Amino acid sequence: MSLGAAERPLRDLLNAIGWDDAPVERLTIEERPKVLATPWPVAPLAAAVLGAVGLAASRIRELRTGERPRISLDMREAELAMASSSYLLVDGKPAKFRDPFTGFYEAAGGEWVYLHGNFPHLRDGLLALLGVANDADAVQAAVAERRADDIEAEAIRRGLCAARVRERAAWLREPQAAAIAAQPLVHLERNGTAAMPLPPGGERPLSSLRMLDLSRVIAGPMAGRTMAEHGATVMRIASPRLPSIPSLVIDTGFGKHAAFAELDTAEGRASLRALAADADIVLDAYRPASLRGRGFGPDDLGRLNPHLVHLSLSAFSLQGPWQGRRGYDSLVQATTGMAAEGREGRGPALLPCQPLDYLTGYLAAFAAMLALIRRHEQGGQWQATLSLAATAHWMWRMRDALGDDAAYPSANPEVAAVADLLDTHDTAFGRVTALRPALRFDGMRTAWSRIPVPLGSDPAHWPQS
């Protein structure tokens, strides 16, 4: 066993979730020089979370077959996984997307606000709020006349996405910060005692297990992608009426089936109920209470399937005065002090990766696997709750413990510099080049059994085994 700089965050994570007998001796993490352009200790945190995923998959493999695979992980690959979409190419061209409207704007009094408009309805809603056309100078002038607090409050009232940029000290004074600090990084709890052992055998750790992926953008879909990486049958359900970002559908779509189900129709609701009834795991990463309001909350699904593992993933948690607030990685960075730390010149800046999204996605997959282990050992119906803001709180706490990385590059590596980690796939989107999975089991790299497909490509029922 060799864990290096990842040992402290890994043990902190295992302690936080209560996995005292994790087989840590099976894990080896190889230290590498830092590759991302930030002093934040992203590499050891990424390696810790990916290592935890590997340990859980190894333990499930042991429970099903008696085998005890050893896990290895290169810290460079773990760190790059936090910027996965930055290395996605379609037909040889970078595929990452951000609407030019989205970004930081200086507000009245020298404060800053982050406006998120990567979906057209969010961008157009913020333009209507400001009363301007989609013109950079007009937007900046309108923001400069308003207080950042007022823009944030009105955007939230309208169901839009804007965040006043806070220093860390200002964030810690918010009641929501106290609510998040009072919760574990991953809250895992059991209801009931019904027995449900893992099925024996299986070619891969999660073979024959089914996950229903109800999520969008990055963090939630990454959880499903990770489960698919280890053999689960993952069905991502989307609505044909909701917008999507093609590059993220590709980046998070490896290994998955993808179907449409419109919950405003009886047929769509029936399809989702049938899928949930035969699932092992359901992930709900929509805005809190959205699915509950349609009859698909944790209690509804629990009555339908008494052995279900339920994952709930939100931006600002299900507790505190901000429960239910919309959010994305960038908005949480702006809110919790991370963007203020990343100042470029006189303004705030995001980290050169999206660690809240990717870390939380991997954490959700880890929580799902640990819940499957607990279900096997103890029975019951398990629920795990995570949030981007809780991950930010953990990142701050670990940064205080580990300190900044002493040396870091001035820019992230170009695609050519990571060519040794890329694979190319022929897909319906075109020729897709993407980072390979980082984990190895007994020296063999994990892999996906399916290439990404457009949303709605598959029928809304579980494929025949």
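So, a few notes on the structure that sits alongside this text. Residues take numbers from 1 onward in each chain, read along the sequence in its written order. Confidence filtering applies because this is a predicted model: local features only for residues at pLDDT of at least 70, side-chain atom pairs given and counted only at 80 or more, and all residues used for totals across whole chains, interfaces and linings. Only hydrogens and water are removed before side-chain values are computed, so all heavy atoms of the structure are retained for them.

**A word on the pattern of salt bridges**
Inference 1: The term salt bridge refers to a pairing of a side-chain nitrogen on Lys or Arg with a carboxyl oxygen on Asp or Glu at a separation within 4 Å. A full pass over the atoms with the stated rule returns 38 salt bridges.
Inference 2: Glu154 is the salt-bridge partner of Arg157, the closest N and O atoms lying 2.7 Å from each other. Of this pair, Arg157 and Glu154 both sit in helix α6 (residues 148-157), three residues apart, which is roughly one turn of that helix.
Inference 3: Between Asp251 and Arg225 there is a salt bridge, and its shortest N-O distance comes to 3.6 Å. Of the two residues, Asp251 is situated in helix α10 (residues 246-251) and Arg225 in helix α9 (residues 219-229); the sequence distance between them amounts to 26 residues.
Inference 4: In this structure Arg225 comes out as buried when scored by relative accessible area, which is 6%.
Inference 5: When salt bridges that share partners are traced, they join Glu111, Arg147, Asp149, Asp150, Glu152, Arg164, Arg166 and Glu174 into one network. Put simply, DSSP H or I for four residues or longer makes a helix, DSSP E for two residues or longer makes a strand, and each gets a number counted from the N terminus. Only protein chains enter the calculation, and the probe is 1.4 Å; a residue is then buried if its accessible area is under 20% of its type maximum, exposed if over 50%, and partly exposed in between.

**Things to note about helix α5 (residues 136-144)**
Because each turn of an α-helix spans 3.6 residues, side chains separated by three or four positions in sequence point in the same direction.
Inference 1: Those residues of α5 not exposed but buried are Val139, Ala142 and Val143. Looking down the long axis of α5, one finds its buried residues gathered within 100° of arc, a one-sided arrangement.
Inference 2: The N-cap of α5, judged by a side-chain oxygen 3.2 Å from the amide nitrogen of Asp137 a few residues on, is Asp135. Each C-beta atom gives one direction from the helix axis, and the arc is the one those directions make. Under this definition, polar contacts are N or O atom pairs within 3.5 Å; protein pairs additionally need one hydrogen-donor-capable and one acceptor-capable atom, and for neighbouring residues in sequence, both atoms have to be side-chain atoms.

**Considering the packing of aromatic side chains**
Working definition: an aromatic ring pair is given by the centre-to-centre distance plus the angle between the planes.
Inference 1: Each aromatic pair joins two rings of Phe, Tyr and Trp (for Trp, the six-membered one) with centres within 6.5 Å, and gets the label stacked for planes under 30 degrees apart, edge-to-face for over 60, and tilted for any other angle. As enumerated under the stated definition, the model contains eight aromatic pairs in all.
Inference 2: Ring centres 5.7 Å apart and planes at 55° place the aromatic pair Trp171 and Trp322 in the tilted group. Taken as a pair, Trp171 in helix α7 (residues 168-172) and Trp322 in the loop between β13 (309-314) and α13 (329-335) lie far apart in primary sequence, 151 residues in all.
Inference 3: A relative accessible area of 6% places Trp171 in the buried class.
Inference 4: A relative accessible area of 9% means that Trp322 is categorised as buried.
Inference 5: What links up through ring pairs into an aromatic cluster is the set Trp171, Phe316 and Trp322.
Inference 6: Whether a charge lies above a ring is judged from NZ of Lys or CZ of Arg, which has to be within 6 Å of the ring centre and within 35 degrees of the ring normal. Seen from the ring of Phe119, Arg216 lies directly overhead, with NZ or CZ sitting 4.8 Å from the centre.
Inference 7: Taking NZ or CZ as reference, Arg399 lies 4.3 Å from the ring centre of Trp40, over its face.

**Section: the packing of helix α4 (residues 120-130) against α6**
Inference 1: The contact between α4 and α6 brings their axes to 11 Å, and the two run at 125°. It follows from the interaxial angle that α4 and α6 lie oblique. With respect to the hand of their crossing, α4 and α6 are arranged in right-handed fashion. Contacts from Leu126, Leu129 and Leu130 of α4 reach α6 at Ile151, Glu154 and Ala155. What counts as an axis is a line fitted to C-alpha atoms, over the stretch in contact for a helix, and the angles between N-to-C directions run from 0 to 180 degrees. Any angle from 65 to 115 degrees is called roughly perpendicular, while one under 35 is roughly parallel, one over 145 is roughly antiparallel, and all others are oblique. Note on convention: near helix rotated counterclockwise from far helix by under a right angle means a left-handed crossing. Clockwise means right-handed. Whether two residues are in contact is decided by their heavy atoms, any of which lying within 4.5 Å being enough.

**What about the layout of surface pockets?**
Inference 1: Estimated volume of the largest pocket: approximately 790 Å³.
Inference 2: Detection works on a 1 Å grid of protein atoms alone, calling trapped sets that fit a 1.4 Å probe cavities and calling open sets with protein on both sides within 12 Å along at least five of seven lines pockets, with lining residues defined by an atom within 4 Å of a point. Contributing to the lining of the largest pocket are 36 residues, with Arg216, Leu242, Ala285, Tyr286 and Arg287 lying nearest its centre.
Inference 3: Elements represented by at least two residues in the lining of the largest pocket include exactly α4, α9, β10 (233-238) and β13. Grid points are joined across faces, edges and corners, and a volume is the space filled by probe spheres set on the points.

**Quick word on the sheet that holds strand β14 (residues 381-387)**
Inference 1: Each pair of strands is called paired provided DSSP finds at least two bridges between the two strands. In spatial order, the strands read β8-β14-β13-β12-β9-β10-β11; together these seven strands make up an open sheet with mixed pairing. Unpaired on one side and paired on the other, β8 (187-191) and β11 (256-260) mark the two borders of the sheet. When the angles between neighbouring strand axes are averaged without regard to direction, this sheet yields 20°.
Inference 2: Contacts from helix α11 (residues 266-277) reach β9 (210-214), β10 and β12 (281-284), with the element oriented near 140° to β9.

**With respect to helix α1 (residues 7-17)**
Inference 1: Residues of α1 that are buried include every one of Pro9, Leu10, Asp12, Leu13, Leu14 and Ile17, and no others.
Inference 2: Residues of α1 that are buried in the fold lie against β1 (27-30), α2 (42-65), β8, α15 (355-378) and α16 (388-402).
Inference 3: Directly after α1, the chain includes Gly18, whose backbone phi takes a positive value near 80°.

**Examining the sheet that holds strand β6 (residues 112-115)**
Inference 1: In spatial order, the strands read β5-β6-β7; together these three strands make up an open sheet with antiparallel pairing. Both outer strands of the open sheet, β5 (103-106) and β7 (162-164), are each paired with one neighbouring strand and no more. Strand-to-strand twist of the sheet, defined as the mean angle between neighbouring strand axes without regard to direction, takes the value 25°.
Inference 2: Relative to the sheet, α5 contacts β5 and β6, its axis offset from that of β5 by approximately 55°.

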